[in-house]
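# Tertiary structure, described
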2 protein chains.
Amino acid sequence: LRQNQDYSLLSLLHVWFKSAYFQRLKALTPEENTRSQHGLFFQDGQRRVDYVLTYSVKKSSGSHSTREIFNSQEDQKAFRREEFEGKLRDMGLELEKDEDGKIPGVYFVKIHAPWNVLCREAEFMKLKMPTKKVYEVKQSNSIVEKISTLISKILEPLHPHVEEHQPKNVKHLSHTFSREKQHLVCRKQFTSSFVSVQIVVNKGKTIYTTVSICVIKMIFYLFPRVFRKYFGEKIGLYFAWLGLYTQMLIPASLVGVIVFLYGCATVDDNIPSMEICHPRNNITMCPLCDRVCSYWKLSTACGTARASHLFDNPATVFFSIFMALWAAMFMEHWKRRQMRLNYEWDLTGFEDEEDHPRAEYEFKVMQKSLRKRQKSQDKIEKLTFQDRLPAYMTNIVMMLLMIGVTFAIVFGVILYRISTKAALHMSSSLITRNHVQLTVKTTAAIINLVVILILDEVYGAVARWLTVLEAPKTDKSFEERLIFKTFILKFVNAFAPIIYIAFFRGRLVGRPGSYLYVFDSYRMEECAHGGCLMELCIQLSITMLGKQLIQNNLFEIGIPKLKKLIRYIRSKQGAFQEEERQKKLTRYETDHFLEPFGGLTPEYMEMIIQFGFVTLFVASFPLAPLFALLNNIIEIRLDAKKFVTELRRPVAARAKDIGIWYNILRGVAKVAVIINAFVISFTSDFIPRMVYQYMYSPDGSMHGFVNHTLSSFNVSHFQDGKEPMDPSHFGYPVVICRYKDYREPPWSNTPYELSKEFWAVLAVRLAFVIVFQNVVMLMNDIVDWLIPDIPKDISLQIHKEKILLVELFMKEEQGKSYIIDSSTSTDGKENCSKHNNNSKVAPPRSRRHTNSTKSF
Amino acid sequence: LRQNQDYSLLSLLHVWFKSAYFQRLKALTPEENTRSQHGLFFQDGQRRVDYVLTYSVKKSSGSHSTREIFNSQEDQKAFRREEFEGKLRDMGLELEKDEDGKIPGVYFVKIHAPWNVLCREAEFMKLKMPTKKVYEVKQSNSIVEKISTLISKILEPLHPHVEEHQPKNVKHLSHTFSREKQHLVCRKQFTSSFVSVQIVVNKGKTIYTTVSICVIKMIFYLFPRVFRKYFGEKIGLYFAWLGLYTQMLIPASLVGVIVFLYGCATVDDNIPSMEICHPRNNITMCPLCDRVCSYWKLSTACGTARASHLFDNPATVFFSIFMALWAAMFMEHWKRRQMRLNYEWDLTGFEDEEDHPRAEYEFKVMQKSLRKRQKSQDKIEKLTFQDRLPAYMTNIVMMLLMIGVTFAIVFGVILYRISTKAALHMSSSLITRNHVQLTVKTTAAIINLVVILILDEVYGAVARWLTVLEAPKTDKSFEERLIFKTFILKFVNAFAPIIYIAFFRGRLVGRPGSYLYVFDSYRMEECAHGGCLMELCIQLSITMLGKQLIQNNLFEIGIPKLKKLIRYIRSKQGAFQEEERQKKLTRYETDHFLEPFGGLTPEYMEMIIQFGFVTLFVASFPLAPLFALLNNIIEIRLDAKKFVTELRRPVAARAKDIGIWYNILRGVAKVAVIINAFVISFTSDFIPRMVYQYMYSPDGSMHGFVNHTLSSFNVSHFQDGKEPMDPSHFGYPVVICRYKDYREPPWSNTPYELSKEFWAVLAVRLAFVIVFQNVVMLMNDIVDWLIPDIPKDISLQIHKEKILLVELFMKEEQGKSYIIDSSTSTDGKENCSKHNNNSKVAPPRSRRHTNSTKSF
């Protein structure tokens, strides 16, 4: 175990990153510029501060005895701090303490990493470094390329502006750094703060995890606003992903809007809604509730029927197939984009390595070995399944409990709706009764939304608590388990009410004369005539918009601002004024007041849930992509602003991919296919319409469809006490009322049994699900297969780079190091920044080179 | 382009391989031993022959003028050969010509690669080499591990015996070779023939493709029978895959046999077949053919009904779910096994690199550039989509045509069956009529098998021709395209008749009074009572066993033997005798008579088709895994024997995975899920039985099921001329006959319409498909997610190896190279073969090491 820790440097996440310089920060005045420079160097003004550690010493207070205990604790902390600092110095790092800081009780240790330390560490970490040699990247002239350039130009305003610090068609050849070939590497690039910072950070982190957490209160970064902003690949990938997702939403929302407009345009040609609205089709419907409700005319449902058509038309089927393919395309494009970024960021050879064990894990192992020391002499090295069993059990029980809570709340809202509706129906006021539907729906949706928002926060905390309990070994597995749990809880939370409406509401009603009752008194809810699709759509849009507006924008921006304010007020105990403070504080002292970076999990989570709204029930709500797009255009800017101004500079972490999020995305996309299949075939009226048109319609048209979907009920078969109080509501006694179902008429041999039509429609519905699911899955596989994971130009460039690298080494070996000579004769630094194409002029060919050429 | 070729060394498949020493070859007598040694060294007896090139010079014959042309051609060839040999010498290789060979007209060039060349090439290829340092691999003591050890011991006889040349719990630390760190590498391992051979091979291949193909007739390998057999990773992976597949077949066949035995045991308790067999249930069935056939009693179908139960019982449903999971487990296990092999074979850092362009491709590009030279001065570097369009079109058309041919043949066999049956029915002989069923079925199945075998060969040739036409750029893409086309054609060929029987036969029959006719005269086939599952099973077993026996074993062993014989007879023009020849010939002269290695495609293809038989229709034939297992136990031995004795030593190729085959396997496993779902729900009677039992049965038992599935037909409704000639066959006039379908009775309002039961059963069938498919897919995903792709011990070892490597380098750097010193003081070579654990005794700790330890 010890050996493991000593050399964990090699196994740490290697760090490397890309510039991300936001244009809006360019406009700093010279004055501001000098101010931000303050504190960026050691006292000698030469050595750059690469990294800053901070710790706070609390003032002792209280009685004498507690003060003594407190002091001894503080002494111990100070001792461990010194030990830690000694280790940093042993590594060759240079430290400078800032004892007379302007913030009382907070102290800073500035660290500088000298050149030789950087080289040593870079070699051990096998960092890939850009060499001085540049080569031209050929721009392919294909039409596809041109189109994509055009598109990216159009979409430019959607991305945070990133300054390009080198011409686009030139790339530095990069190779794994080794001190023997040091002269090949651009020293300027190497010494530029970001590499050195990162190497020191890794050092710091290694030792940081081996000492107790409480000693060093926090580690944070210099935030040099004047220089380029470096966030590391992990955050770079998040923004790249978000950018691609937003880009991909554009065609989706375009098609969605067209589908919606198609619905609007054809609403007047829709025969079923025309039949419902026609005043002569005076169909008497069975009452919607027991006793107090009376019979009603179908023509009063005209409005709902017309509105339903907007979301329930053949274009919707097309749109959900389109969106399933869209999701597959998105995944494929992301794979390609990721590959391209890996290449551009010199990560191609980088392997995600085993993480360092977490301090909490080691603490548990230590505890266990202390407990067992009496029994055996073996050193305990890991936690077994048995040790973790209680934690696992707690996890499972708690997860089930939380999901149960979600379901209970959904059920509670249903009960609220049913009972309120019943109560309001009984109200004597006519106005109240008229507004029943609207009042109940609105309040229920708002309750749902509030519950979702509250539970989201609760579930986030529960998932973290459960993961801590589980004590995963490495940071990576901790993160993955946390994400997995949070995702499941939040996903169930967001979608449980929607799934109820889509698949259960209106299906568990029973039939007139034999309704289904909850608690023996409340009849289950029915959907309005025209299917539940309309209600699904309302619920979806309220949840989605509410979550986005309140959670994403209000919470995300408001809470950090609030926290900053609180921290500022707390530290205002000192005497100096705000403006003065601002001027005199060094950069790192100012940054001390910022909120620490809490990881990307909330950002991704928010987007994945949104991705769920966009794909899962898209059949019922074609405008979802549009809303998502509008949200993301704001979101990408708010996120960027937050990262730059509201948070301390995040720990730059190296990452090749977006990790578990990709798997979650794939999972959501898979589930989306089957859910959309069921929404189309069961929630919408698409299949019954098709079946009527091709199997039962006498003239092949939709005329008579409404009548066909309604079964008859003889009012004399009502149970006692359930019949309407006012049977002659329309001025004549009702004998037969109609209800929406496929059942045998009262006069058949088997009255109210499910009819042959029911089974036929059911069979067609199920067949549709099978066909839809398999066709879409097949198309997804074809998309997956047709689009290569590695873009062709990238694979060619990787190949070319390898050849050039061998060429470079061969030349060097043969003493004909043309490039090296020419570069060392001039300043060298210049050679890195300027891309002198001289180095591409044919150098003297090597022997091998000439030999092989001859053969041609 | 030129530059590309000059440095293609780097881009070639790097070669490295593993020993595969078959025990049965161990028992060579000393005499044999020296005989095989003959020809393994240069004339000086010191330099090892690493590689042998061969070429043949034809004797001139015929008239004077033709002889002149012939001679000039031969001269040109000789010139190009010399140029090529010069290039080999320029690279530092040493050549020796064998001008006085014992085979007339065949000449050999022996090549030796000296030490410095090997080092240079190894460095450029970034080969990973085992260093002298060994470390202990900890054997985990978990129960899982113990079980797997036990299992592998039991299964040992199934694997070709591979001699372990190092203790199992010790591994050499390996790192990317560089000449600066040469001293770390086991020189003995390095110089052992296989590495040097491979490096020379790569050289040879590079230049080989740049010169015309016709000059050097063939390149083959020394086959040192005395030494370990090295086949390269690609073939190693094939055997590893075949081994794992065969291992995995054991549980599958066990469960399959149990399922079959369950069917046998419960055949007497099966109520439907009891009802059919009961003589009192005298149900009169409608005739099976027009005119000549008469009514028949259902009890005569007793045998078939009982036999059907063997393959159509609830255990089958369980078995197909089991097999779907089995396939997923197999894929997961293979991923893990592959990862383990990659680690053991030091391939972890190896990246599959861009292949060298094929000579045929370059020839086409040259042709194109010659054609276009008049028009433009641009150098043409690649074929565009337009250039390939004709080839693509030919490909698509030919593929569709071939698939069409397959379908036509399937249809032809159907017609043969229908027409023969009709003809035989009309025969006056009673014996002929009694044997009708048997005769027709047997001949049809044999015709099917023969057609499949012939078409398999034809399709192999067509696929190759189409791929050559397409002119893919690299060897890798050539192979992939060829495999893809061959797979599609052979798969359709093997499974088209089976799919017809499973899903179409007996479904397109029509009903009495309105049968479906082919060519206006032949009624479509019906299945025997009890479903088509029985016939599906017969067809499957005949195809599978026939293919395996004839194609795999007869063809695979017979044809190489035959070819060898022919080659031997041809060269027997010389005067010397067989025995004498055998003695005097050098190793490479003997090997010259062996068949060259033709690639692994046929071996994999055979196994994938078998995998198809095992998974696709396993619901109807639970014994398939057992037959596959028996075949493979023979197959793995025949393959090994063929590779060792019948073929020239194959070109050892480096490979990290089994490439496109894995994707094909995944595809087959995916298709298997949906096909099994349909077989269970539509081909078997499982769903109708369930529906009857839970929806229609008066007492919840299966009594009355047979009656429920039979519809009634009023014989007066027969079309004119279609009614049986002998209506009073049973001695009384039949009024109502029964047929297997769910239709309304003649006395209903809508006679012969599909009944409500039909739709209900259909809906349940479709629902079953949805549930089955999604449950199995979900379980597959869970299996995929639960089993990590990289075995835990391997990931720990990789981690450990990295740490040890840094430790090694650090020590070396600090001048405390303890291990190196101790190893150079002794023989050095000894250090590599003996695993002295001294090197594991704690060496003086480095400073960093000590520092970090202190903190603990």
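Within each chain, residues carry numbers counting from 1 in the order of the written sequence. A letter from A marks each chain and a number from 1 marks each ligand, given out in the order of writing. The model is predicted, so local features are restricted to residues of pLDDT at least 70 and side-chain atom pairs to those at 80 or more, both for listing and for counting; the totals for chains, interfaces and linings are taken over all residues. The side-chain values count all of the structure's non-hydrogen atoms but skip hydrogen atoms and water molecules.

## Concerning the overall build of chain A
Quick note on the threshold: Numbering of helices and strands runs from the N terminus; a helix is a DSSP stretch of H or I covering at least four residues, while a strand is a stretch of E covering at least two. Throughout this description, buried means an accessible area under 20% of the type-specific maximum (1.4 Å probe, protein chains only), exposed means over 50%, and partly exposed covers the range between. Should any heavy atoms of two residues lie within 4.5 Å, those residues are considered in contact. Accessible surface is estimated by sampling points in the Shrake-Rupley manner with a 1.4 Å probe; for residues, cover comes only from the protein chains shown.
Assigned secondary structure in chain A consists of 30 helices and 14 strands. Evaluated residue by residue, chain A yields a buried proportion of 52% over its 856 residues. Long-range contacts, defined here as pairs at least 24 residues apart, represent 83% of the contacts in chain A between residues at least 6 apart. Here chain A displays about 39700 Å² of accessible surface, and carbon together with sulfur accounts for 61% of that area.

## Remarks on the packing of aromatic side chains
Quick note on the threshold: By convention, a stacked pair of Phe, Tyr or Trp rings (six-membered ring in the case of Trp) has centres within 6.5 Å and planes under 30 degrees apart, an edge-to-face pair has planes over 60 apart, and any other such pair is tilted.
Counted by the stated rule, this structure contains 60 aromatic pairs over all chains. Relative to Phe617(B), the ring of Phe503(B) lies with its centre 6.4 Å away and its plane at 40 degrees, an arrangement referred to as tilted. Of this pair, Phe503(B) sits in helix α17 (residues 475-504) while Phe617(B) is found in the loop between α21 (601-615) and α22 (624-646), placing the two residues 114 residues apart along the sequence. Judged by relative accessible area, Phe617(B) falls into the buried class, the value being 0%. An aromatic cluster of at least three residues, connected via ring pairs, comprises Tyr238(A), Phe239(A), Trp241(A), Tyr245(A), Trp326(A), Phe330(A), Tyr604(A), Phe611(A) and Trp661(A).

## Quick look at the nonpolar core
Proteins that are soluble and globular tend to have nonpolar side chains buried together. Stated precisely, the cut-off is as follows: The definition of a nonpolar core used throughout is a set of buried Ala, Val, Leu, Ile, Met, Phe, Trp, Tyr and Cys residues joined through side-chain atoms within 4.5 Å.
Formed by 210 residues in total, the largest nonpolar core has its most connected members in Tyr245(A), Phe617(A), Tyr245(B) and Phe617(B). Ignoring any residue separated from it by four or fewer positions in sequence, one finds Tyr245(A) in contact with Trp326(A), Phe330(A), Met607(A), Gln610(A), Phe611(A), Val614(A), Ala628(A) and Asn632(A). Residues Phe84(A), Met91(A), Leu95(A) and Leu118(A) belong to the second largest nonpolar core, which totals 12 residues.

## What to know about the environment of Asp312(A)
Residue and element names in this part refer to chain A. Structurally, the position occupied by Asp312 is in the loop between α11 (302-311) and α12 (314-344). Since its relative accessible area comes to 5%, Asp312 is described here as buried. Along the primary structure Asp312 and Asp685 are separated by 373 residues, whereas in three dimensions their C-alpha atoms are 7.1 Å apart. When near neighbours in sequence (up to four residues on either side) are disregarded, Asp312 contacts Leu533, Ser684, Asp685, Phe686 and Arg689.

## Observations regarding the side chain of Ser294(B)
Of note, Ser294(B) is situated in the loop between β7 (284-285) and β8 (296-297). For Ser294(B), a relative accessible area of 15% translates into the label buried.

## Side note on the state of the cysteines
Put simply, the test is: When two cysteine sulfur atoms lie within 2.5 Å, the pair is treated as a disulfide.
Under the definition given, this model contains 4 disulfides over all chains. Sulfur-sulfur distance for the disulfide between Cys277(A) and Cys302(A) comes to 2.0 Å. Taking the torsion about the sulfur-sulfur bond, which here is approximately 95 degrees, the covalent link between Cys277(A) and Cys302(A) counts as right-handed. In this pair, Cys277(A) sits in helix α10 (residues 271-277) while Cys302(A) sits in helix α11, placing the two residues 25 residues apart along the sequence. On the accessibility criterion, Cys277(A) (22% relative accessible area) is partly exposed. Paired through a disulfide, Cys286(B) and Cys737(B) show a sulfur-sulfur distance of 1.9 Å.

## A look at the pattern of salt bridges
Rules: Salt bridge, as used here, is a side-chain nitrogen of Lys or Arg placed within 4 Å of a carboxyl oxygen of Asp or Glu.
For the coordinates displayed, the defined rule picks out 26 salt bridges over all chains. Two residues, Asp312(B) and Arg689(B), come together in a salt bridge whose shortest N-O distance is 3.4 Å. You can see Asp312(B) sitting in the loop between α11 (302-311) and α12 (314-344) and its partner Arg689(B) sitting in helix α24 (residues 686-696), a full 377 residues away along the chain. With relative accessibility at 13%, the residue Arg689(B) sits in the buried group. A cluster of three or more residues bridged by salt bridges with shared partners is formed by Glu332(A), Lys335(A), Asp784(A) and Asp789(A).

## Considering α17(B)
We count it as follows: In this scheme, a helix's expected span is set at 1.5 Å multiplied by one less than its residue total.
The terminal C-alpha atoms of α17(B) lie 41 Å apart, and with 30 residues this matches the ideal 44 Å at 1.5 Å per residue to within 8%. Residue Gly506(B) follows α17(B) closely and has a positive phi angle near 80 degrees.

## Regarding the confidence of the model for chain A
Low-pLDDT stretches of the model should not have their predicted coordinates read in fine detail. All names here are of chain A. Condition: Scored between 0 and 100, pLDDT is the confidence that the predictor attaches to each residue.
Confidence in the prediction for chain A averages 73 pLDDT; 67% of positions are at 70 or higher. The secondary-structure element of chain A with the lowest mean pLDDT is helix α2 (residues 8-11), recorded at 20, while helix α26 (residues 756-786) shows the highest, at 92. A low-confidence stretch, residues 199-229 (pLDDT under 50), is modelled with 115 contacts involving residues beyond four sequence positions or located in other chains.

## Some points on the packing of helix α17 (residues 475-504) of chain A against helix α21 (residues 601-615) of chain A
All names here are of chain A. Test applied: Each axis is a line fitted through C-alpha atoms, and for a helix only the stretch in contact is used; angles between axes span 0 to 180 degrees, taken between their N-to-C directions. Handedness of a helix crossing follows the sense of rotation of the near helix relative to the far helix, less than a right angle counterclockwise being left-handed and clockwise being right-handed. Think of it as three bins: nonpolar holds Ala, Val, Leu, Ile, Met, Phe, Trp, Tyr, Cys and Pro, charged holds Asp, Glu, Lys and Arg, and polar takes everything else, Gly as well.
The interhelical angle for the contact between α17 and α21, taken along N-to-C directions, is 35 degrees, at an axis separation of 10 Å. Read as a crossing pair, α17 and α21 show a hand that is right-handed. Residues Glu479, Ile483, Thr486, Phe487, Lys490, Phe491, Ala494, Phe495 and Ile498 of α17 touch α21, and the partners they reach there are Thr601, Met605, Ile608, Ile609, Gly612 and Phe613. Residue composition of the contact of α17 with α21, by class: 10 nonpolar, 3 polar and 2 charged.

## Things to note about a nonpolar patch on the surface
Rule in force here: Without a salt bridge and with relative accessible area above 30%, a residue can belong to a patch; like charges are then joined within 9 Å and nonpolar side chains (Val, Leu, Ile, Met, Phe, Trp, Tyr) within 5 Å.
There is a patch of nonpolar side chains on the surface, built from Phe484(A), Leu778(B), Ile782(B), Trp785(B) and Leu786(B) and spanning about 530 Å² of accessible area. Topologically, Phe484(A) is positioned in helix α17.

## Section: unusual backbone geometry
Residue and element names in this part refer to chain A. Residue Ala471 is not a glycine yet carries a positive backbone phi of 50 degrees. Even without a glycine there, the phi angle at Tyr752 is positive, about 65 degrees. Taking relative accessible area as the criterion, Tyr752 reaches 7% and is therefore assigned buried.

## Considerations on the environment of Ser294(A)
With 434 residues separating them along the chain, Ser294(A) and Ser728(A) place their C-alpha atoms 8.7 Å apart. Excluding its chain neighbours within four sequence positions, the residues that come into contact with Ser294(A) are Pro287(A), Pro724(A), Asp726(A) and His729(A).

## Remarks on the environment of Pro272(B)
All names here are of chain B. Summarising the element assignment, Pro272 is placed in helix α10 (residues 271-277). Note on Pro272: relative accessible area 10%, which makes it buried. In this structure, the C-alpha to C-alpha distance between Pro272 and Met702, residues 430 residues apart in sequence, is 6.9 Å.

## Let's talk about the packing of helix α23 (residues 660-683) of chain A against α26(A)
Residues and elements named next belong to chain A. Defined as follows: Orientation labels follow simple angle bins: below 35 degrees gives roughly parallel, above 145 gives roughly antiparallel, 65 to 115 gives roughly perpendicular, and whatever is left gives oblique.
The contact between α23 and α26 brings their axes to 9 Å, and the two run at 150 degrees. Looking at the two axes, α23 sits roughly antiparallel to α26. In terms of crossing hand, the pair formed by α23 and α26 is right-handed. Residues Arg666, Val673, Ile674, Asn676, Ala677, Phe678, Ile680, Ser681 and Phe682 of α23 form the contact with α26, whose participating residues are Leu762, Arg765, Leu766, Phe768, Val769, Phe772, Gln773, Val776, Asn780 and Asp784. Split by residue class, the contact of α23 with α26 holds 12 nonpolar, 4 polar and 3 charged.

## Section: the pairing of strand β13 (residues 710-714) of chain B
Residue and element names in this part refer to chain B. Going by this rule: The pairing criterion for strands is at least two bridges between them, as found by DSSP.
By the criterion of burial, β13 is predominantly enclosed, with 4 of the 5 residues buried. Note: β13 against strand β14 (residues 736-740), 5 bridges, orientation antiparallel. Across the sheet, the residue bridging to Phe713 is Cys737, located in β14.

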